[in-house]
Amino acid sequence: MEKHYFRPDISTAGTAEYAEAFLQGLRDERKANINDVNSMIDPIYDSLDWENRTMTVKFIAKEWELNRVGVMHGGITATMLDHTGGCTACAFTGYWTPTIDETVKFISQINLGDKLTCTGHIIHLGKRFITLEVTMFNETSGRLAAQALCTFANGASNSSANK
C-alpha cells in the first residue's frame, strides 16, 4: 500500500486558513496511512497557534500501548511527544524533518483510557535547527505526565531533503 504524506503550503502561514488546512492535512494523512506508527497512536490534531508558536495534539491511552504493569509504555509516551514536536516543527517551517535529539522526563503514570494533551512550543527557530519543548498533560488525572526537549533539523535550510 502506497503511503500518502501531507506537505503543507506555507505561503499562507500565520492565517486561520493555514492553521485549519494544516490540521486537516494531518487528519487526512492519518486516515490514509493506517498502518504506520503515527496513525496507530491515533492523534487528534486539535489546534495551531501561530502567535505563540504552539501546536496541540490529543491522545487517548489504548490497551495495546500499555506495558506489563498496566501503564503506558515509555516508548509510546516518547513517540507521542516526538510526533507532536515534529508536527509543530513542520507547521512553522513547511517541511517534515528528522528528530536530532529528544530528552524525555516521565513525571506521572498514564493509565488505560486516560485523555492526554500534548503541546509543542517552539523555543528557538534557527536556520539549521529547531528547539521545542513538548509537554504531555493528563486530563484524566489532572497531572503533568511527561515533558520533552526536542531538537529537529530545519528542513527549510535544505529543501532538497524534502523532495
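Procedures and definitions
Residues numbered from 1 in each chain as written. Predicted model: local features only at pLDDT ≥ 70, side-chain atom pairs only at ≥ 80, totals over all residues. Heavy atoms only, no water. Helix = DSSP H or I, 4+ residues; strand = E, 2+ residues; numbered from the N terminus. Buried < 20%, exposed > 50% of the residue type's maximum accessible area, 1.4 Å probe, protein only. Contact = heavy atoms within 4.5 Å. Expected span 1.5 Å × (residues − 1). Arc of directions from axis to C-beta.

### Quick look at the environment of A145
Point 1. On the secondary structure map, A145 appears in strand β6 (residues 143-153).
Point 2. The class for A145 is buried, based on a relative accessible area of 2%.
Point 3. It is 7.9 Å that separates the C-alpha atoms of A145 and T135, two residues lying ten residues apart in sequence.
Point 4. If we ignore the near neighbours within four places in the chain, the residues touching A145 are K105, F106, I107, S108, I110, M136, F137 and N138.

### Details of helix α1 (residues 16-32)
Point 1. Under the 1.5 Å per step criterion, the end-to-end length of α1 is 24 Å for 17 residues, consistent within 8% with the ideal 24 Å.
Point 2. Within α1, burial applies to Y18, A19, F22, L23, G25, L26 and E29. Buried residues along α1 cover an arc of 150° about the axis, so they all sit on one side. Counted as exposed and oriented over 90 degrees from the buried face of α1: A16, E17 and K31.
Point 3. Its buried side turned inward, α1 meets α2 (37-40), β1 (44-49), β2 (54-60) and α3 (74-93).

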